[in-house]
Amino acid sequence: MDFDVIIIGGSYAGLSAALTLGRATRNVLVIDAGKPCNRQTPHSHNFLTHDGDKPAAIAKAAKAEVLKYPTVRFLEGNAVSAKRIDGGFNVGVENGENFTARKILLATGLKDVLPDIKGLAECWAISAIHCPYCHGYEVKNEKIGLLMNGEHAFEMAKTLNHWNKDLTILTNGKSQLSAGQIERLKSKSINIIEDEIVELLHNNGYLEDVLFKNGKKIALKAIYVKSDVEQHCNFNEQLGYELTDLKTIKVDEQQQSTAKSVYAAGDCATLFRALSIITAAGTMAAVVMNKEMISEDF
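Treat the numbers as computed from the prediction; the structure is a model and nothing was measured.

A.B. asks: What should I look at first to understand the overall build of the chain in this one?
C.D. replies: A tally of helices and strands in the chain yields eight helices and 17 strands. Taking 298 residues into account, the globule formula puts the C-alpha radius of gyration at 19 Å, and the chain, at 21 Å, falls close to it. Reported as C-alpha extents along the three principal axes, the dimensions of the chain are approximately 65 × 35 × 35 Å. For the chain, the residues scored as buried account for 50% of the 298 residues in total. Counting contacts in the chain only where the partners sit at least 6 residues apart, residues at least 24 apart contribute 59% of the total. For the chain, the exposed surface amounts to about 15000 Å²; the carbon and sulfur share of it is 50%. For the chain, the distance from the average site of its 33 positive side-chain charges to the average site of its 36 negative ones is 3 Å.

Right under this line is the structure:
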């Protein structure tokens, strides 16, 4: 094999795994396309020693630390294929190169699929946000919207009511909330607007107003959005691992997928996308892969 481990995805989970494997003197190739899901996020929060830092700065420092270890190689590009061969795996890259390894770690993240609303993509991860633990403190006590519906809207409103008392649920069409949920929300002065949204009016990604189809507007500081997700790399048919109902890669507590010697860590394997969680997952996957190789070789 060319490498002990090929890591597809060189953001936080992938770099964390590469660091651990480099310190274990393993030959590692990290393949990364350079498009992390948080590339629009101005500041990262709730990550010890880096609270308030720019995500790109954290990743740059992490990559520099990892590349101090001589057995770790970094390749910029997209992995386009991954298949099982005798003794390991073959991974193809868009430039035509192919590499082999004993183990694979998928750390490819997730792609957010946003509602088709003008201005939302420009606001995403800036003032159109998804996680109060990542962003809630910065917009606490402000007038906030929730672009979601049904059970998820109710549970999120209940959570956000801790940070913000001026909340408006924007169902963007007919409400799917139950009568009991609506009554409970109104008792907490949480508004519900069913009007269809035309556009998020913003200034360089910072939300100012939500414009509705009927011409009305509502001024908001930020809006929480429930996005759909997709895997960046769909190698499940080639490698034989399973996905969960939430479209994440199914893994056990040691980040092992349902396919032998295929591991997954980071956003691609969880919807809990805090940096502390995904970097820890990368470390766990690396430790388990190294232990597995030691056992195979002993």
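A.B. asks: Is there a simple way to think about the pairing of strand S7 (residues 110-113) in this case?
C.D. replies: Two faces, one strand: in a regular strand the side chains alternate between the faces of the sheet. Burial of S7 is one-sided: the residues Leu110 and Asp112 facing one way are buried, the residues Lys111 and Val113 facing the other way are not. Pairing of S7 with strand S16 (residues 228-231), which is carried by four bridges, proceeds in the antiparallel orientation. Bridging from a neighbouring strand, Lys111 pairs with Glu230 of S16.

A.B. asks: When you look at the packing of aromatic side chains in this model, what are you seeing that I'm missing?
C.D. replies: Two measures describe an aromatic ring pair: the distance that separates the ring centres and the angle between the ring planes. In this structure the tally under the stated criterion is two aromatic pairs. Ring plane angle 90 degrees and centroid distance 5.4 Å describe the contact between Tyr133 and Trp163, whose orientation is recorded as edge-to-face. In this pair, Tyr133 sits in helix H4 (residues 132-135) while Trp163 sits in the loop between helix H5 (150-160) and strand S10 (167-170), placing the two residues 30 residues apart along the sequence. The exposure class assigned to Tyr133 is exposed, which follows from its relative accessible area of 53%. Trp163 gets classed as buried once you look at its relative accessible area, which sits at 16%. The ring of Phe74 is capped by Lys63, whose NZ or CZ atom sits 3.9 Å from the centre of that ring. Cation over ring: Lys140 sits above Tyr137, and NZ or CZ is 4.0 Å from the ring centre.

A.B. asks: Teacher, can you tell me more about the nonpolar core here?
C.D. replies: Side chains of a nonpolar character, in soluble globular proteins, are inclined to be buried together. Residues Ile7, Leu21, Val30, Leu105 and Met289 are the most contacted members of the largest nonpolar core, which totals 27 residues. Residue assignment for this core shows that the elements contributing at least two residues are strand S1 (3-8), helix H1 (12-23), strand S2 (28-32), helix H2 (55-66), strand S3 (72-76) and helix H8 (275-297). If you tally residues by element for this core, the top one is H8, at eight residues. In this structure Met289 touches Val5, Leu21, Lys103, Ile104, Leu105 and Tyr263, once residues within four positions along its chain are discounted. Grouped together as the second largest cluster of nonpolar side chains are 25 residues, Val93, Ala259, Val262 and Ala264 included.

A.B. asks: Even after reading the chapter, I still don't get the side chain of Lys103, so can you show me in this structure?
C.D. replies: Among the structural elements, Lys103 can be located in strand S6 (residues 98-106). Only 3.1 Å separates the side chain of Lys103 from the side chain of Ser261, close enough to count as a polar contact. Setting aside its immediate chain neighbours within four residues, Lys103 contacts Asp4, Val5, Ile6, Phe89, Ser261, Met289, Glu292, Met293 and Glu296.

A.B. asks: What should I look at first to understand the environment of Val5 in this one?
C.D. replies: Mapped onto the fold, Val5 is located in strand S1. The exposure class of Val5 is buried, given its relative accessible area of 0%. It is 9.4 Å that separates the C-alpha atoms of Val5 and Phe89, two residues lying 84 residues apart in sequence. If we skip the residues at most four places from it in the chain, Val5 touches Leu21, Asn27, Val28, Leu29, Ala101, Lys103, Leu105, Met289 and Met293.

What counts, and at which threshold
Residues numbered from 1 in each chain as written. Predicted model: local features only at pLDDT ≥ 70, side-chain atom pairs only at ≥ 80, totals over all residues. Heavy atoms only, no water. Helix = DSSP H or I, 4+ residues; strand = E, 2+ residues; numbered from the N terminus. Rg over C-alpha atoms; globule rule 2.2 N^0.38 Å. Buried < 20%, exposed > 50% of the residue type's maximum accessible area, 1.4 Å probe, protein only. Contact = heavy atoms within 4.5 Å. Areas by Shrake-Rupley, 256 points an atom, 1.4 Å probe, with all protein chains shown as cover. Lys, Arg positive; Asp, Glu negative; His and termini not counted. Charge placed at Lys NZ, Arg CZ, Asp CG, Glu CD. Pairing = 2+ DSSP bridges. Phe/Tyr/Trp six-rings, centres within 6.5 Å; stacked < 30°, edge-to-face > 60°. Lys NZ or Arg CZ within 6 Å of the ring centre and 35° of its normal. Core = buried A, V, L, I, M, F, W, Y, C linked by side-chain atoms within 4.5 Å. Polar contact = N/O pair within 3.5 Å; in protein donor to acceptor, adjacent residues only side chain to side chain.

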